[in-house]
Amino acid sequence: MSESNAEAVASAVASATEAATEAAAGGWRRTTGLAGVAIGVVAAGAAAGVAIERLTVGRGMRQKARLALDSAGPYGGLRGTPGKAYADDGTELYYEVDDVEPAAESALTRRRRRLFGRKAPAPVTVVFSHGYCLNQDSWHFQRAALRGVVRTVHWDQRSHGRSARGVSQGRDGAPVTIEELGRDLRAVIDAAVPEGPIVLVGHSMGGMTVMALADAYPELVRERVVGVALVGTSSGRLGEVNFGLPVAGVNAVRRVLPGVLKALGQRAELVEKGRRATADLFAGIIKRYSFASRDVDPAVARFAERMIESTPIDVVAEYYPAFNDHDKTEALAHFADLPVLVLAGVRDLVTPSEHSEAIAGLLPEAELVLVPDAGHLVMLEHPELVTDRLADLLARAGAVPAAATVEGYGSTSSTAGPG
């Protein structure tokens, strides 16, 4: 890096640190306290990353990202047959169904007769649940690979994506609970998959939603669920996660962050303007907590940023307390006799891979896959690996023939061509 470039990076870091210090010392002082300083440290590091990336990411890589988008279409642009389910509080939940293609259906029927008897049952349906601040499009690569091979349902959690704002939250000011999300998933299943075997797939908060479903409706799991995939998730003890921060800093953040988020949520319009004004800085923070690989395609990184940034700050605030309260360790027992995939990125700062190891420790028959060079959004960062392990799970669950072709879709590596 040249001397002028180094000075530019130093200037960016200094500016971010100054901005963070001013924010911590300004009108929010009594609300943020030490949390402002701790978050400022992260922001300064992210600003440095943004500056370095601008200086070192060449035109060739940016052009490759554009070509990948041109050839594969916009990430998140896949659409299925739309539907609506209604939660117990009246919240409208949006989902889409991708059905099996007729040619694939005939091959699958022969397989199902061997697995389930002479009479072919309703087709196996794979239900995908997304994580916090994301939406159903976060499964873009897996959805593309499985299209036509197996019936899939993708839905948006309440207040995310195309689903409506949670009625209990908007009307009553009630915080979201993981238990509520489990009931929401049941409503989607009742509407979109009224009969037939199911494979449940959940990432992060989506995995917690799957556990809450099992906790509340064990008979549904016993009678209809034939496989489960838990990706980058946790069964509890999330209050111990340090997010890559020093212990003192994370303790300060943890003490005041719920109040900070609540206060920010009450000034949502002002905060959203601030988020837009500091988009590059937020992009750096999002990238740090989403990916671990150095060569993630910038187009994929931008795709993740757009999903996260589209989640309003008041929605971010009303979900946050649910994670400290989440404990569904005992619910895992309902999956003990099923084919289970537990997969996580080793460098996940949000739900550390140790949490996935703990889940697998309680499910000795589960397949545990730890991806060394992966962060929290492992299904976007290493899509072909995740799709491969999901395809294997679906074969074990009888959802697809062992010989079915489930092609990988795309690559997020800057050194690989479009899929």
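Everything in this summary refers to the structure shown in the same document. (Residues numbered from 1 in each chain as written. Predicted model: local features only at pLDDT ≥ 70, side-chain atom pairs only at ≥ 80, totals over all residues. Heavy atoms only, no water.)

**Here we look at the overall build of the protein**
Rules: Think of it this way: any DSSP run of H or I at least four residues long counts as a helix, any run of E at least two long counts as a strand, and we number them from the N terminus. Note on exposure labels: buried denotes an accessible area under 20% of the residue type's maximum, exposed denotes more than 50%, and partly exposed covers the range between, all computed with a 1.4 Å probe on protein chains only. Contact between two residues is taken to exist if any of their heavy atoms lie within 4.5 Å; hydrogens are not considered. Using a 1.4 Å probe, the Shrake-Rupley method yields the accessible areas, and only the shown protein chains count as cover for residues.
In terms of regular secondary structure, the protein is built from 19 helices and eight strands. Classification of the 419 residues of the protein by burial places 54% in the buried group. In the protein, the proportion of contacts linking residues at least 24 apart, taken out of those at least 6 apart, comes to 81%. Accessible surface, the protein as shown: approximately 18,500 Å² in total, 54% of it carbon and sulfur.

**Some details on the pattern of salt bridges**
Side chains bearing opposite charge may pair, as long as their charged atoms lie close to each other. Defined as follows: Each reported salt bridge corresponds to a side-chain nitrogen of Lys or Arg within 4 Å of a carboxyl oxygen of Asp or Glu.
Within the structure shown, the criterion is met by 24 salt bridges. Salt-bridge contacts for arginine 143 lead to glutamate 96; the nearest nitrogen and oxygen are separated by 2.8 Å. Here the residue arginine 143 occupies a position in helix α6 (residues 140–146), and glutamate 96 occupies one in strand β2 (residues 92–98), the gap between them amounting to 47 residues. In this pair, the class of arginine 143 matches that of glutamate 96, namely buried. The salt bridge involving glutamate 219 is made with arginine 186; its shortest N-O contact spans 3.7 Å. Of the two residues, glutamate 219 sits in helix α10 (residues 218–224) while arginine 186 sits in helix α8 (residues 178–192), which places them 33 residues apart along the sequence. Assessed through its relative accessible area of 30%, glutamate 219 is described here as partly exposed. A single salt-bridge network, built from bridges that share partners, covers Arg79, Glu96, Asp98, Asp137, Arg143 and Arg147.

**A closer look at the pairing of strand β4 (residues 151–155)**
How we decide: Any two strands between which DSSP finds at least two bridges are classified as paired. Crossover handedness is defined by viewing with both strands directed away from the observer: a clockwise path from the first strand over the helix to the second marks the crossover as right-handed.
With five of five residues buried, β4 is to be regarded as a mostly interior element. As paired elements, β2 and β4 share four bridges and run antiparallel to each other. In the strand pairing of β4, glutamate 96 is matched with histidine 154. Note: strand β3 (residues 125–129) against β4, five bridges, orientation parallel. Among the inter-strand pairings, valine 126 is bridged to a residue of β4, identified as threonine 152. Taking the sense of rotation as the criterion, the β-α-β connection linking β3, α6 and β4 turns out right-handed.

**Some points on helix α14 (residues 298–309)**
Operational definition: Multiplying one less than the number of residues by 1.5 Å gives the expected span of a helix.
With 12 residues, α14 extends 16 Å between its outermost C-alpha atoms, agreeing within 8% with the 16 Å of an ideal straight helix rising 1.5 Å per residue. Among the residues making up α14, those that are buried are Pro298, Ala299, Val300, Ala301, Phe303, Ala304, Glu305, Met307 and Ile308.

**Observations regarding the environment of valine 153**
Note on placement: valine 153 falls in strand β4. Spatially, the C-alpha atoms of valine 153 and glycine 80 are 8.7 Å apart, while their sequence positions differ by 73 residues. Excluding anything up to four places from it in sequence, valine 153 contacts Tyr95, Glu96, Val97, Thr125, Val126, Val127, Phe128, Val188, Ala192 and Val193.

**A word on the packing of α8 against helix α9 (residues 205–216)**
We apply this condition: Angles here are taken between N-to-C directions and fall from 0 to 180 degrees, while the axes themselves are lines fitted to C-alpha atoms, restricted in helices to the stretch in contact. Geometric relationships in this document are graded by angle, where less than 35 degrees denotes roughly parallel, more than 145 denotes roughly antiparallel, 65 to 115 denotes roughly perpendicular, and other angles denote oblique. Under the grouping applied here, Gly and all other residues not named as nonpolar or charged are polar, the nonpolar ones being Ala, Val, Leu, Ile, Met, Phe, Trp, Tyr, Cys and Pro and the charged ones Asp, Glu, Lys and Arg.
Viewed as axis vectors pointing N to C, α8 and α9 meet at an angle of 80°, and their least axial separation amounts to 7 Å. Judged on the interaxial angle alone, α9 and α8 are roughly perpendicular. Here Ile178, Glu179, Leu181, Gly182, Leu185, Arg186 and Ile189 of α8 come into contact with α9, specifically with Met205, Met208, Thr209, Val210, Ala212 and Leu213. Of the residues assigned to the contact of α8 with α9, the class counts are nine nonpolar, two polar and two charged.

**Some remarks on the packing of aromatic side chains**
Heads up, the rule is: Paired rings are identified among Phe, Tyr and Trp, the last through its six-membered ring, by centres lying within 6.5 Å, and are further divided according to the angle between planes into stacked (under 30 degrees), edge-to-face (over 60) and tilted (the rest). The criterion for a charge sitting over a ring is simple: Lys NZ or Arg CZ within 6 Å of the ring centre, and within 35 degrees of the ring normal.
Within the structure shown, the criterion is met by five aromatic pairs. When the ring of tyrosine 75 is compared with that of phenylalanine 141, the centres are 5.3 Å apart and the planes differ by 50°; the resulting orientation is tilted. Here phenylalanine 141 lies in helix α6 and tyrosine 75 lies in the loop between α4 (59–72) and β1 (81–86), a separation of 66 residues in the sequence. The pair tyrosine 75 / phenylalanine 141 is uniform in exposure class, with both members buried. Aromatic pair phenylalanine 128 and tryptophan 139: ring centres 5.1 Å apart, planes at 55°, arrangement tilted. You can see phenylalanine 128 sitting in strand β3 and its partner tryptophan 139 sitting in the loop between β3 and α6, a full 11 residues away along the chain. The class for phenylalanine 128 is buried, based on a relative accessible area of 1%. Positioned above the aromatic ring of tyrosine 217, the side-chain terminus of arginine 186 is 4.8 Å from the ring centre.

**Details of the sheet that holds strand β8 (residues 367–371)**
Strand order in this open sheet of eight strands is β1-β2-β4-β3-β5-β6-β7-β8, and the pairing throughout is mixed. Single-partner strands in this sheet number two, and they are β1 and β8. For this sheet the average axis-to-axis angle between neighbouring strands, irrespective of direction, equals 20°. For β1 and β2, the ladder comprises six bridges, and the chain directions are antiparallel. Directly across from tyrosine 86, in β2, lies its bridge partner glutamate 92. Helix-sheet contacts for α8 involve β1, β2, β3, β4 and β5 (198–203), and the interaxial angle to β4 is about 140°.

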